[in-house]
Structure formats: C-alpha cells, structure tokens
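Structure assessment
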Amino acid sequence: LGTRISNALRKLQNATIIDEEVLKECLGEVTKALLQSDVNVNYVKRLRDQVLLQVNVESDAAGTNKRKLIQRAVVGELQSMLESEKKPYQMKKGKINVVMFVGLQGSGKTTTCAKYAYNYLRKGWRVGLVCADTFRAGAFDQLKQNATRIKVPFYGSYTETDPVKIAQEGVEYFRSQNYDLIIVDTSGRHRQEAALFEEMEQVEAAINPDEVIFVMDSSIGQSCYDQALAFKKSVKVGSVIVTKLDGHAKGGGALSAVAATESPIIFIGTGEQFDDFEQFEAKSFIRRLLGLGDIDRLFSVVQEAIPKEKQPELMNKISQGKFSLRDMYEQFQTVLKMGSISQLMSMIPGMNSGLLEKGNEKEGIARIKRFMCMMDSMTDDELDGKSSMVPSRITRVARGSGTSVREVTLLLEEHKRFAKMVGKMGKMSLGKANDMQNF
Ligand code: GDP
Ligand code: MG
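Computed from a predicted model, the values in this text were never measured in an experiment.

Next up on the list: the overall build of the protein chain. The secondary structure content of the protein chain amounts to 19 helices and 8 strands. For the protein chain, the proportion of its 439 residues judged to be buried stands at 39%. By sequence separation, contacts in the protein chain at least 24 residues apart represent 73% of the contacts at least 6 residues apart.

This is the structure we're talking about:
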C-alpha cells in the first residue's frame, strides 16, 4: 500500500503542469490503493474530499508549490485516519490494571504480551503474565520462557483445560498480591471460529479487563479489516497493536484495523526481540510507510541518546550537511549504546546498508566495533577531515588496527555514504527539500 501511494505521489513529479486532471488521477490511485487494502470506503471518501478541499483553498495563495501541497495534504489525511478519535485506556500506576490480549494465532500475541510487560517493567511496574491459551500445545511453555527471560512472574497450567478458569485464577492470584499490571494472553485458534469468539467473550466476562488489546499481524494484507471487525464484535477492543512491521514499508493493514475497531494503535512490533517495540506515532508511521524516512523521530532518538551539551553541535553539523569521521565514530558509539540498530536505521531515509541490516545485528555490531578500532588508529586531523586518507595512510591505519587495507577502504566508503546522507538530511531539516524525490 505504501509503495502504491508513494508511486502515485511521485507521478506528480513527472507531470509538467498540475491541473485538475492530474490531481484527480493521483487521488484516484491513492483511493484505489486504500480501498483495495480494505480500508473503509467512508474513510477513503473523506480523505479524497479533504485533500481536494485543502488543495483548492490553499493553492490560490501566491507562490504555492502545488505538488508539495498535494503531497502534504495526502500525508496529513492519512495521518488523521490513523489517529482514532477514541483515546486509549490510560494505565494507572498504583492501581491494578488488567489487560487482555486477543488476536488470531500467529499474530504475535504471546510475543507482544512479553514486550508489553517488558515495557512497563522497565518503568518500575510490577507485572504478572497469565497464560489463558489452553488450546495450543506448548502455549504455556512459550509464555513461561518469555516471562523467565524478562524476569516476570507468570501463571498457567499444563493440565487445566478451561481457559476461563485459568484466566480467573491467574488474575485473582496477581490481584491478591497487588500487582500494577496483569496481562492475560489468550488463545487464537479453535476447532471452530465461532468457538474462539465465544471463548473470548467468556474470558472477558470472567476477568472484566480494564483494557482489551487487539494484536494484528501487519503482513496478512487483505483480511485485516474483517479480522479486526470480528474481534471488535465479540469483545470490547480498546486499542490495537500492529506487529511485524520490521523495517519494510508494509502496514497498510494498520489503517484498516483502526477503521474496523475504531480504536487507536498504541504500539507497533518491529522484530522478535523484547525491545523491538515502539510507541505508535501516526506521523512517523505514515512517513515510514511511504518511504519518506522519519527525521523528527530520528532527531528525538538522537536527542535522547546524545549528551545535552553535544546536541547543538551535532544538529548544527547535520543541518550544514557536514559529517566527519569523528562524527561517525560518535554516532557509532551512540548506536552501540542504544542497542537496536535496525530500528534506528529505519528512521533514516534511504538507509538500507547491509552494514546494519535487520537480522544481521550481531554481525553489524562486530563490524561497527572493527570500524571504531580503525578510527582509533587515525590522527586527529584525519578524524576531523582536515587531512585526507592517502593510500600510505590507509596502509598504516590497517596495520595499526590489525585490520586490512580492504576493510579500511570499506570504512571510508561507508563514511562517504553516511556523509552524503547527512547532507540530504541537512537539506531536509532546513526545509529545502522540494519534493519527495529529494528525500
Ligand atoms: P501468537 O500465536 O499470537 O501468540 O503469536 P506468537 O507470539 O507465538 O508469534 C508468532 C511468531 O511471530 C513468532 O515466531 C514470533 O517470534 C513472531 N513475531 C511476533 N511479533 C513479531 C514482530 O513484531 N516481528 C517479527 N519479525 N516477528 C514477530
Ligand atoms: Mg500465543
């Protein structure tokens, strides 16, 4: 979906004049893409009307760039589609919060329960996990393993076959100990579909959760809307977590889930590890969906990770498009400190270097450490870009760091690429980017 919409927007670039016809054609393609992703037709109509209205009103002003206007309007409307009017349940510390997870088998429920638990654990909450999936063999073991890894107490049974009973007992157990957050994982499959929904209703009635979270796999495509609707009809879905949004521009289904459940997305899952989990932000999401990168978020991540006194300097450099080997060294330090590299990289437009590819993180980290080792063998002037790396110096650095000429050359190439990217980001942060192709 993201690709199709951004293609439609990109076509605007090739049109010599932007007239009514070109605009309608572009919007036609955008709406078609949305409809085919099962986004509710009323939402799609609203998007179309809103964009037309905005463009017509604003383009009368002198000096407006119509292409940019249309792009901005489409992105803005997609964003508001994702921002459900309903507010998610507000977790209250100092009170017992009971949260029930629902979703089809394989959607990532059990994994997400652990990620969600971990998220609150890190904030100092007392969290307990309850396994009310008695259908799938090994369900309890899986939850137990996850819980043990993040050091969260769990409740479940190998012999009890009644999920309602376990859910009730588990919640009761953690309640009696005054836990802040009790998470109930449920089954996602049954011999018959109707039986699954019936079971969800019964579990819900038995534990009376403060919040029901619907977990949806973003890669299931067309069936998102129906699936979300089916759960919404049987239980009080209050919010949504979309999983498997790792790196690539998928996720049109998220729009459908919001439309079907009329509930906000609260988090997204971006991998199999416990910290591959992000607070949902509509703007970031849409921009990544359309492959526009995500400068705002990148800046906020950088801001969190870089010492305050260093920030103005770095931002300044980025906006001037300057990036020395020393800056790269510092970036690497930051990245190593923050752990999840692929997550950071997906925020950078056009960043798909094999160096930091998803699933290759261990290797990526080892390479980054080697690169830093090479940079340790360079002089200050070389690090600051005041003297260039001539072949004889490359040989020396390779020898000094116990690496090879080939590897040092690779580092320099990698640096060039980074610097170019930072140059682009600089333009963007100054608002000089004229269109999406410059991104
Ligand atoms: P459940 O049947 O709904 O409980 O789903 P599971 O939690 O067992 O997850 C099914 C599979 O999806 C497992 O292999 C998980 O590791 C994987 N998974 C869950 N969330 C994500 C995610 O955000 N990204 C990726 N790549 N895999 C995920
Ligand atoms: Mg499960």
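So, on to the sheet that holds strand β8 (residues 277–279). Pairing is mixed across the open sheet formed by 8 strands, whose spatial order is β3-β2-β4-β1-β5-β6-β7-β8. For this open sheet the edge positions go to β3 (154–155) and β8, each flanked by a neighbour on one side alone. As defined by bridge partners, strand β6 (residues 237–243) adjoins strand β7 (residues 265–269) across 3 bridges and the pair is classed as parallel. Note on β7: the bridge partner recorded for I241 is F267. Strands β1 (97–102), β2 (127–132), β4 (181–186) and β5 (211–217) of the sheet are contacted by helix α8 (residues 193–207), whose axis makes an angle of about 180 degrees with β1. Of the strands in this sheet, β1, β5 and β6 are in contact with helix α9 (residues 224–234), which crosses β5 at around 160 degrees.

Within the largest apolar cluster, 81 residues are counted, with the highest numbers of intra-cluster contacts made by L129, V130, I183 and V184. By residue number, the principal contributor to this core is helix α4 (residues 66–82), which donates 7 residues. Inspection of this core shows a minimum of three residues originating in each of domain 1 (2–82) and domain 2 (97–289). Setting aside chain neighbours within four positions, we find I183 in contact with V99, F101, C113, Y116, A117, V127, L129 and V130.

Moving on to the environment of V212. When you line up the elements, V212 lands in strand β5. Judged by local crowding, V212 falls into the buried class, with 26 C-beta atoms found within 10 Å. In contact with V212, not counting residues within four places along its chain, are M100, V102, E204, V235, K236, V237 and G238.

If you check α8, its first and last C-alpha atoms are 22 Å apart, about what 15 residues at 1.5 Å a residue would give, namely 21 Å. Buried within α8 we find L196, E199, M200, V203, E204 and I207. Buried residues of α8, viewed axially, fall in a sector of 135 degrees; they line one side. For α8, the exposed residues set more than 90 degrees away from the buried face come down to A194 and A205. One or two steps after α8, the chain reaches N208, where phi turns positive at roughly 45 degrees.

The next subject is the site of ligand 1. Neighbouring ligand 1 are 17 residues; G108, K109, T110, T111 and G269 lie closest to it. Across the shell around ligand 1, the residue classes tally to no nonpolar, 12 polar and 5 charged.

Turning our eyes to something else, we now look at the packing of helix α5 (residues 109–121) against helix α6 (residues 139–150). Orientation of α5 relative to α6, taken along the N-to-C sense of each, is 20 degrees, at an axis distance of 10 Å. Classified by the angle their axes make, α5 and α6 are roughly parallel. In this structure, the crossing between α5 and α6 has a hand that is right-handed. Every residue of α6 that contacts α5 at T110, A114, A117, Y118 and L121 is listed here: Q142, L143, N146, A147 and I150. Of the residues assigned to the contact of α5 with α6, the class counts are 7 nonpolar, 3 polar and no charged.

With that settled, the discussion passes to the pairing of β1. Burial within β1 is extensive, with 6 of its 6 residues counted as buried. Neither face of β1 is left uncovered, since the one carrying N97, V99 and F101 and the one carrying V98, M100 and V102 both have all their residues buried. Both β1 and β4 contribute to a ladder of 5 bridges, which runs parallel. Opposite F101, over in β4, you have D185 as the bridge partner. Where β1 meets β5, 4 bridges bridge the pair, whose relative direction is parallel. Directly across from V99, in β5, lies its bridge partner E211.

Each value, and the rule that gives it
Residues numbered from 1 in each chain as written. Chains lettered and ligands numbered in written order. Predicted model: local features only at pLDDT ≥ 70, side-chain atom pairs only at ≥ 80, totals over all residues. Helix = DSSP H or I, 4+ residues; strand = E, 2+ residues; numbered from the N terminus. Buried ≥ 20, exposed ≤ 12 C-beta atoms within 10 Å, placed from the backbone. Contact = placed C-beta atoms within 7 Å. Pairing = 2+ DSSP bridges. Axes fitted to C-alpha atoms, helices over the stretch in contact; angles between N-to-C directions. Core = buried A, V, L, I, M, F, W, Y, C linked by C-beta atoms within 7 Å. Domains from an automatic or database assignment. Expected span 1.5 Å × (residues − 1). Arc of directions from axis to C-beta. Near = placed C-beta within 6 Å. Nonpolar A, V, L, I, M, F, W, Y, C, P; charged D, E, K, R; others polar. Parallel < 35°, antiparallel > 145°, perpendicular 65-115°, else oblique. Left-handed = near helix turned anticlockwise from the far one by under 90°.

Keep in mind that these numbers describe shape and distance, not what the molecule does.
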